[in-house]
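Chain by chain, the residues run as shown.
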Amino acid sequence: METPLANLGSKKLINKHEFVRVIIQCLYSLGYRKSAVSLESESGISYKSDEFETLESCIRDANWDACIETLNRLNGLTNETRASALFLVLKQWFLEYLNLGEDSLALEILQKKMSGLEVGKDKVHTLAFGLLSLKDLGLDKEDPDGIYNFRKKLLTELEKVLPPPITVPDRRLEYLVEMAVWSQIDKCVLHNSVDAVTLYEDHQCDASQFPSKTIQILSNHVNEVWYVQFSNNGSYLASSSSDNTAIIWKVLDDGKLTQRHELRSHQKPVSFVAWSPDDTMLLTCGNIEVLKLWDVETGTCKHTYGDADFIISSCAWFPDSKRFVCGSSDPEKGIYMWDSEGNEIKSWKGTRMPKVLDLAITPDGEKLISIFSDKDIRILNVGTGGERVISEEHPITSLSLSGDGKFFIVNLNSQEIHMWDIAGEWLSPMKFEGHKQHKYVIRSCFGGLDSTFIASGSEDSKVYIWNRRGSKPIKILCGHSMTVNCVSWNPKMPQMLASASDDQTIRIWGPDVRSK
């Protein structure tokens, strides 16, 4: 009789027998066979249970009746699991009869032994067709190792089907360690690094990987800076200002930015910019003016859309970089779809069309999300025309999508940011608070590693940052002297954040290496 083993760990939560068993499995999976065999011998604990070793012996000797009898005797199996395991064994038995040319015996397996199993009929039909061709089932009479390899495959499949403690789930120790590491990362509100997490100590990030210090101030604009947006490849930053210009900045290898092009063509303040997905073109929206398309490489204007009366609030690209939509805060103008050659493709407008305050296209190009009539969010399926409307209680000033296209955030003048899922599974939004917003358009964004964070400007001249798991800010960045209108997180450099302010400057935020 086996002597009970004491539990391990300070809290005595780890069963020693199970712990040693998963270590042995790990050694086998890593290729350390001699070490695994040695540990089995020294501990008296086998990686394979007695029940599974019996099954292995039966399968190795092609003793199929005994194998089926063993499966029927196993305790703790659901009817579904037992049926799945029996089907795998009967399938092997069937195949081996076929390989021997015993078609009538193979047919008997199908008719008498499989007919009562609760498995999909399509599986049995597939085997029946195997009577016509062994190769359709992956078995070749000319392969001398075929039967041996198929029996090994059967054992592997049974290991996946049969539950613990009969078998140990595949790579169990790796899974447990990975979950422990992920749990620590999940609890680390500042985690923003792609570096591997060490197993030697508990994980906890500091500000050394987080944008919390001003590393550069860009002051080329001569009036309020209203908007900033990093390019999709993270190599450029575009800014727009009430000085009637937009600027394209280049991100250098050392993390500093330098002016690449100054875009001078608008006659009025520039309120919004949008990068094409391939980063070759940039759209700029004039305030109560036209929409312009620029070549990023040369800094030249390619097309002008609309006229002086076309009040454009925002624009967004489709993923093909050939089409885009723009929305107007004039309720009779609605939404227009244009191509990059200057042609109008489609429009949604009319006297019943509400004014559009902001809009976005999901990365897959399937959904158009727009802010209507101050408080309504419309999610339109571009292909089917189906739509869903979400109504907020307070006026919405801006909209931003997560990098994976699964979530979006809206800024409300009630001094909250709400995050919704695009699929529509949430009944209520996640809420983030702490920043100041009463009367101005404040824009927020997702960012950091895996879009884990949300950043927002604020009317108190600060930048607020939240971890998406919590409603309270985890960082408040000070430096600007007037309202921060917009923020943008570099999608390829999770340690770089930009903010635009009424103080006529753009601040680039990076890690505070002194915190390390």
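Quick notes on the rules
Residues numbered from 1 in each chain as written. Predicted model: local features only at pLDDT ≥ 70, side-chain atom pairs only at ≥ 80, totals over all residues. Heavy atoms only, no water. UniProt positions renumbered as here; feature names shortened; annotations may be inferred. Helix = DSSP H or I, 4+ residues; strand = E, 2+ residues; numbered from the N terminus. Rg over C-alpha atoms; globule rule 2.2 N^0.38 Å. Lys, Arg positive; Asp, Glu negative; His and termini not counted. Charge placed at Lys NZ, Arg CZ, Asp CG, Glu CD. Expected span 1.5 Å × (residues − 1). Buried < 20%, exposed > 50% of the residue type's maximum accessible area, 1.4 Å probe, protein only. Contact = heavy atoms within 4.5 Å. Pairing = 2+ DSSP bridges. Salt bridge = Lys/Arg side-chain N within 4 Å of Asp/Glu carboxyl O. Axes fitted to C-alpha atoms, helices over the stretch in contact; angles between N-to-C directions. Parallel < 35°, antiparallel > 145°, perpendicular 65-115°, else oblique. Nonpolar A, V, L, I, M, F, W, Y, C, P; charged D, E, K, R; others polar. Core = buried A, V, L, I, M, F, W, Y, C linked by side-chain atoms within 4.5 Å. Patch = residues over 30% accessible without salt bridge, like charges linked within 9 Å, V, L, I, M, F, W, Y side chains within 5 Å. Areas by Shrake-Rupley, 256 points an atom, 1.4 Å probe, with all protein chains shown as cover. Phe/Tyr/Trp six-rings, centres within 6.5 Å; stacked < 30°, edge-to-face > 60°. Lys NZ or Arg CZ within 6 Å of the ring centre and 35° of its normal.

As annotated in an unreviewed UniProt entry, the protein chain is CTLH domain-containing protein from Solanum stoloniferum. In its Subunit (unreviewed entry) section, the UniProt record describing the protein chain reads: "Interacts with RANBPM." On record in UniProt, under Subcellular location (unreviewed entry), the comment for the protein chain is "Cytoplasm".

**A short note on the overall build of the protein chain**
Of regular secondary structure, the protein chain possesses 9 helices and 28 strands. In summary, the protein chain has a C-alpha radius of gyration of 32 Å against a globular reference of 24 Å for 516 residues, an excess of more than 25%. Projected onto its principal axes, the C-alpha coordinates of the protein chain cover approximately 85 × 55 × 45 Å. Here the protein chain contributes 57 positively and 70 negatively charged side chains, and the mean placements of these two sets differ by 2 Å.

**Some words on the UniProt feature "repeat: WD" (unreviewed entry) in the protein chain**
The positions UniProt marks with the feature "repeat: WD" (unreviewed entry) are residues 218-251, 263-304, 450-476 and 477-509. Secondary structure across residues 263-304 comprises 0% helix and 55% strand; the distance between its end C-alpha atoms is 13 Å. Taken end to end, residues 450-476 is 0% helix and 41% strand, and its two terminal C-alpha atoms sit 21 Å from one another.

**With respect to the UniProt feature "domain: CTLH" (unreviewed entry) in the protein chain**
The UniProt entry lists residues 48-105 under the feature "domain: CTLH" (unreviewed entry), expressed in the numbering used here. Helix makes up 78% of residues 48-105 and strand 0%. Its end C-alpha atoms lie 32 Å apart.

**With respect to helix 8 (residues 146-161)**
In this model, helix 8 (16 residues) spans 22 Å end to end at C-alpha, consistent with the 22 Å of a helix rising 1.5 Å per residue. All of the buried residues in helix 8 are Gly146, Phe150, Arg151, Leu154, Leu155 and Leu158. Among the structural elements, helix 3 (50-60), helix 4 (64-73) and helix 5 (79-99) are those in contact with the buried residues of helix 8.

**Examining the pairing of strand 18 (residues 396-401)**
In the case of a regular strand, side chains alternate between the two sheet surfaces. By the criterion of burial, strand 18 is predominantly enclosed, with 6 of the 6 residues buried. Taking the residues between adjacent antiparallel strands as the criterion, strand 18 and strand 19 (residues 407-412) are bridged by 5 residues, where Gly405 takes a positive phi near 75°.

**Notes on the pattern of salt bridges**
Overall, the coordinates contain 11 salt bridges when judged by the stated rule. A salt bridge links Glu262 to Arg264; its shortest N-O distance comes to 3.0 Å. Judged by relative accessible area, which is 32%, Glu262 ranks as partly exposed.

**Description of the environment of Met419**
Among the secondary structure elements, Met419 is positioned in strand 20 (residues 416-421). Note on Met419: relative accessible area 1%, which makes it buried. Remark: the alpha-carbon pair of Met419 and Met482, spanning 63 residues in sequence, is separated by 26 Å. In contact with Met419, not counting residues within four places along its chain, are Phe407, Phe408, Ile409, Trp426, Pro429, Met430, Phe432, Phe446, Ile454 and Arg468.

**Here we look at the packing of helix 4 against helix 5**
Taken N-terminus to C-terminus, the directions of helix 4 and helix 5 make an angle of 175°; their axes are 10 Å apart at the nearest point. Taken together, the axes of helix 4 and helix 5 lie roughly antiparallel to each other. Contacts from Trp64, Asp65, Cys67, Ile68, Leu71, Asn72 and Arg73 in helix 4 reach Arg82, Ala85, Leu86, Val89, Leu90, Gln92, Trp93 and Glu96 in helix 5. When grouped by side-chain class, the residues that make up the contact of helix 4 with helix 5 number 9 nonpolar, 2 polar and 4 charged.

**Looking at the nonpolar core**
Formed by 42 residues in total, the largest nonpolar core has its most connected members in Leu237, Leu291 and Ile506. The leading source of residues in this core is strand 4 (residues 245-251), at 5 residues. If we ignore the near neighbours within four places in the chain, the residues touching Ile506 are Gln216, Ile217, Leu218, His221, Val225, Val228, Leu237, Ser239, Trp249, His480, Ala498 and Ser499. By size, the runner-up hydrophobic cluster in this structure holds 33 residues, among which are Leu90, Tyr97, Ala106 and Ile166.

**Quick notes on the environment of Asp374**
If you trace the backbone, Asp374 turns up in the loop between strand 15 (367-372) and strand 16 (376-381). Of the residues examined, Asp374 reaches a relative accessible area of 29% and is grouped as partly exposed. Separated by 31 residues in sequence, Asp374 and Asn343 place their C-alpha atoms 29 Å apart. Setting aside residues no more than four positions away along its own chain, Asp374 makes contact with Lys355, Leu357, His394, Pro395 and Ile396.

**Thoughts on a nonpolar patch on the surface**
A contiguous nonpolar patch, built from Tyr175, Leu176, Met179 and Trp182 and spanning about 400 Å² of accessible area, is present on the exposed surface. Mapped onto the fold, Trp182 is located in helix 9 (residues 172-187).

**Observations regarding the packing of aromatic side chains**
Using the criterion set out here, one finds 15 aromatic pairs in the structure. For the ring pair Trp317 and Phe324, a centre distance of 5.3 Å and an interplane angle of 55° mean the geometry is tilted. Like Phe324, Trp317 is buried. By way of ring pairs, the aromatic residues Tyr305, Trp317, Phe324, Tyr336 and Trp338 are connected into one cluster. The ring of Phe407 carries the charged tip of Arg468 above its face, separated from the ring centre by 4.8 Å.

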